[in-house]
Amino acid sequence: MPRICLFPGTFDPVTLGHVDIINRSLNLFDKVVIGIGKNSNKTPLYSAEERLYWVKEIYKDEPKVDALVYEGLTADCCKRVGAKFILRGIRYVNDFEYEKAIADMNRSLDASIETIFLTCLPQYTSVASTLVRDVIRNGGDVSQFLPKVVLNSIKEMELEHK
């Protein structure tokens, strides 16, 4: 049975921290599905379609990576894609406390799902999508935090809105 994992998140925008976690997970799983969640509690800066495009473009040459947009419970999305694992990235200790609570809930909803935590590399500990969005909104340089595809796409959007 193939080891399929779901990496859920808003990916608003996709950062080099996300890419680091995905790349390092490829040796652990046969397939990694990036689940771009539509969270009713969050108002994204970029559309789900833009975020999906970014992931698919970044991983267009990696057959082990797929991506989709989903709403609802992550455990239900796991069932839809056949994932028995959920992948989460951890930057700091307080991330772990929050992520463990979510992992416990997902396990309560489906006991066959295991959550796997990967710690990010030190150079990505400060790279949070929330912080990157703030820098973007205020006209700062985010080139050190984003994959080229995402950076170029955001620059094109900014030009279109001028």
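Every value quoted in this text rests on a predicted model; they were computed, and no experiment measured them.

Trainee: Let's hear about the nonpolar core: which residues, and what values?
Mentor: Of all hydrophobic cores here, the largest spans 32 residues; its most connected members are Phe7, Ile34 and Leu146. Of all the elements in the fold, those that place two or more residues in this core are strand E1 (4-9), helix H1 (16-25), strand E2 (31-38), helix H2 (48-58), strand E3 (65-71), helix H5 (129-137) and helix H6 (148-160). When residues of this core are assigned to their parent elements, the largest contribution, four residues, is made by H6. Beyond its immediate stretch of four places on either side in the chain, Phe7 contacts His18, Ile21, Ile22, Val32, Val33, Ile34, Gly35, Leu87, Arg88 and Gly89. In this structure, Ile4, Leu6, Ala75 and Ile113 belong to the second largest nonpolar core, which totals 10 residues.

Trainee: Which residues make up unusual backbone geometry, and what values go with them?
Mentor: The residue after Asp12, namely Pro13, is reached through a cis peptide bond having omega 0°. The residue Pro13 is located in the loop between E1 and H1 in this model. The phi dihedral of Phe11 falls on the positive side, at around 50°, and the residue is not glycine. With respect to the secondary-structure elements, Phe11 resides in the loop between E1 and H1. The exposure class of Phe11 is buried, given its relative accessible area of 2%.

Rules of the game
Residues numbered from 1 in each chain as written. Predicted model: local features only at pLDDT ≥ 70, side-chain atom pairs only at ≥ 80, totals over all residues. Heavy atoms only, no water. Core = buried A, V, L, I, M, F, W, Y, C linked by side-chain atoms within 4.5 Å. Buried < 20%, exposed > 50% of the residue type's maximum accessible area, 1.4 Å probe, protein only. Helix = DSSP H or I, 4+ residues; strand = E, 2+ residues; numbered from the N terminus. Contact = heavy atoms within 4.5 Å.

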